[in-house]
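Structural characterization, general
These are the residues of each chain, in order.
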Amino acid sequence: QVKLVDSGGGLVQAGDSLRLSCTISGDTLDMYTIAWFRQGPGKEREFVAGIRYSNSAQYYSDSVNGRFTISRDNAQNTAWLQMHTLKPEDTADYSCAARGYLIRDIPNVNEYDIWGQGTQVTVSS
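Report on the accompanying structure.

The rules behind these values
- Residues numbered from 1 in each chain as written.
- Predicted model: local features only at pLDDT ≥ 70, side-chain atom pairs only at ≥ 80, totals over all residues.
- Heavy atoms only, no water.
- Buried < 20%, exposed > 50% of the residue type's maximum accessible area, 1.4 Å probe, protein only.
- Helix = DSSP H or I, 4+ residues; strand = E, 2+ residues; numbered from the N terminus.
- Pairing = 2+ DSSP bridges.
- Core = buried A, V, L, I, M, F, W, Y, C linked by side-chain atoms within 4.5 Å.
- Contact = heavy atoms within 4.5 Å.

1. Some remarks on the pairing of strand β7 (residues 68-73)
Residues F68, I70 and R72 of β7 are buried on one face, while the alternating residues T69, S71 and D73, pointing to the opposite face, are not. Bridge analysis of β7 against strand β8 (residues 78-83) gives six bridges, and the strand direction is antiparallel. Following the sheet pairing, I70 is matched in β8 by L81. Linking β7 back to β8 in an antiparallel pair, the connection comprises four residues, with N77 at a positive phi of about 55 degrees.

This is the structure in structure tokens:
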């Protein structure tokens, strides 16, 4: 059974940085497109960043572009979300998601069929 374990969340102050990790087990990461989604209090789940399996092309939401970086190391079966200049509005439960091979619409939550358990990020002002 393929599973994702995400970790690295915590309580930080505005302007701080944090790095989230997403590790796959039960398979190798190289054939999966990976994305990060988040859900803030009282909000719907939203796309944050994605990275394709084939060419590691990266995609970002407008709200995090320039502050967050998604990356992957297939040899370590791990993907990361490096977050800089965090803002209180970044407070949310962050989950990584995966789908094998080709995904047509990276930001679409319905494209993904494997999810991590989530890790909470809280940014104080």
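After that view, the rundown keeps rolling.
2. Examining the nonpolar core
In terms of nonpolar packing, the biggest core is built from 27 residues, with W36, V48, F68, L81, M83 and Y94 touching the most fellow members. Mapped onto this core, the elements with two or more residues apiece are β3 (18-25), β4 (32-39), β5 (46-51), β7, β8, β9 (92-100) and β11 (119-124). Those residues in contact with Y94 that lie beyond four places of it in its chain are D6, L20, W36, F37, R38, V48, F68, L81, M83, G118, T119 and V121. Grouped together as the second largest cluster of nonpolar side chains are seven residues, F47, A97, I103 and I106 included.

3. So, the pairing of β5
A large share of β5 lies buried, amounting to five of its six residues. The sheet contact formed by β4 and β5 spans five bridges and is antiparallel. In the sheet register, A35 faces β5, and the bridge partner there is G50. Between β4 and β5, which pair antiparallel and follow one another directly, the connecting turn spans six residues, one of which, G42, has a positive phi of 70 degrees. Judged from the three bridges that link them, β5 and strand β6 (residues 58-60) form a sheet pairing that is antiparallel. Bridge pairing in β6 links A49 to Y60. Hairpin remark: β5 followed by β6, antiparallel, with six residues in the connecting loop; positive phi at S56, about 60 degrees.

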